[in-house]
Amino acid sequence: MNRIFCLTLAVSIAMLSPAAHAKTESRPSEYRPGVTVEHIYKQDIEYFFTNWYGRVEASDGPWRDIYFETAEKYVNKGIMRVNCADPEADIDFTLYDVGEYGDAAERRQVTVSYADRKPWADGNYQPLSGETPPIEFYDAARTHFCK
């Protein structure tokens, strides 16, 4: 009887834990009126942090165009194009940094090949240095949106 009570208690506690009822946090976009974004990744930056948010803008077979933004310690927004079927496929970024989203004059294109991922992860990939999406955000977004 004692074992059954303990097992029941453990299951009840697990069901009450935040992870058991975890929902993706969503909020209105900072840069696009009428658009809602979901929390995808929290990036720790020394004594600070930046939360990266995103949403699927378009799907084409295994490809996802993921809108992303952050507006805290780091400021950036843009589109990340990922292939859900091929984890080694190139990753294409359209970045607007601190400029206005959609402004062609502010737009910057970056493609990360599979070979460039290690330098990106090590912080040594110049095209994605500074307040740009880290590889951990890519991993989290791909996991979240390629279900």
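Quick caveat: nothing in here was measured; it's all calculated off a predicted structure. (Residues numbered from 1 in each chain as written. Predicted model: local features only at pLDDT ≥ 70, side-chain atom pairs only at ≥ 80, totals over all residues. Heavy atoms only, no water.)

Peer 1: I'm lost on the sheet that holds strand 6 (residues 91–95) in this one. Help?
Peer 2: The strands that make up a sheet pair up through hydrogen bonds in the backbone, lying either parallel or antiparallel. Taking strand neighbours across the sheet as the criterion, the seven strands line up as 1-2-3-4-5-6-7 in an open arrangement whose pairing is antiparallel. Both outer strands of the open sheet, strand 1 (26–28) and strand 7 (108–112), are each paired with one neighbouring strand and no more. Taking each pair of neighbouring strands and ignoring which way they run, the sheet shows an average axis angle of 35°. Here strand 4 (residues 63–71) runs beside strand 5 (residues 75–83); their pairing, made up of nine bridges, is antiparallel. Residue pairing across strands places alanine 71 opposite valine 75, the latter belonging to strand 5. With respect to the sheet, helix 3 (residues 135–145) is in contact with strand 2 (36–45), strand 3 (48–60), strand 4, strand 5 and strand 6, its orientation differing from that of strand 2 by roughly 150°. (Pairing = 2+ DSSP bridges. Helix = DSSP H or I, 4+ residues; strand = E, 2+ residues; numbered from the N terminus. Axes fitted to C-alpha atoms, helices over the stretch in contact; angles between N-to-C directions. Contact = heavy atoms within 4.5 Å.)

Peer 1: Explain the nonpolar core here, please?
Peer 2: Soluble globular proteins tend to bury their nonpolar side chains together. By size, the foremost hydrophobic cluster in this structure holds 23 residues, and its most contacted members are Met80, Ile91, Phe93, Val112, Trp120 and Leu128. Elements that contribute at least two residues to this core include exactly strand 2, strand 4, strand 5, strand 6, strand 7 and helix 3. The greatest single-element share of this core, amounting to five residues, is contributed by helix 3. For phenylalanine 93, the residues in contact, after removing those within four places along its chain, are Phe68, Ile79, Met80, Arg108, Gln109, Val110, Val112, Trp120, Leu128 and Pro133. In this structure, Val35, Val37, Tyr67 and Ile79 belong to the second largest nonpolar core, which totals five residues. (Core = buried A, V, L, I, M, F, W, Y, C linked by side-chain atoms within 4.5 Å. Buried < 20%, exposed > 50% of the residue type's maximum accessible area, 1.4 Å probe, protein only.)

Peer 1: Help me understand the state of the cysteines in this model?
Peer 2: A complete count under the given rule lists one disulfide for this structure. Residue cysteine 84 pairs covalently with cysteine 146 via a disulfide, S to S 1.9 Å. Disulfide cysteine 84-cysteine 146: the torsion about the S-S bond is -65°, which places it as left-handed. Taken together, the residues cysteine 84 in the loop between strand 5 and strand 6 and cysteine 146 in the segment after helix 3 connect sequence positions 62 residues apart. (Disulfide = S-S within 2.5 Å.)

Peer 1: What am I meant to see in the confidence of the model for the chain here?
Peer 2: Caution applies to low-pLDDT regions: their predicted coordinates should not be interpreted in detail. Predicted confidence across the chain gives a mean pLDDT of 86, with 84% of residues reaching 70 or more. Per-residue pLDDT stays below 50 along residues 1–22; that stretch engages in four contacts with residues further than four places along the chain or on separate chains. (pLDDT = per-residue confidence, 0-100.)

Peer 1: What is the right way to read the pattern of salt bridges from this model?
Peer 2: Two side chains carrying opposite charge are able to pair once their charged atoms lie near each other. Using the criterion set out here, one finds seven salt bridges in the structure. Between aspartate 65 and arginine 81 there is a salt bridge, and its shortest N-O distance comes to 2.6 Å. In this pair, aspartate 65 sits in strand 4 while arginine 81 sits in strand 5, placing the two residues 16 residues apart along the sequence. Residue classification places arginine 81 among the partly exposed positions, given a relative accessible area of 25%. For lysine 118, the salt bridge goes to aspartate 122, with nearest N and O atoms at 3.0 Å. Residues participating in the shared-partner salt-bridge network are Arg27, Glu30 and Glu69. (Salt bridge = Lys/Arg side-chain N within 4 Å of Asp/Glu carboxyl O.)

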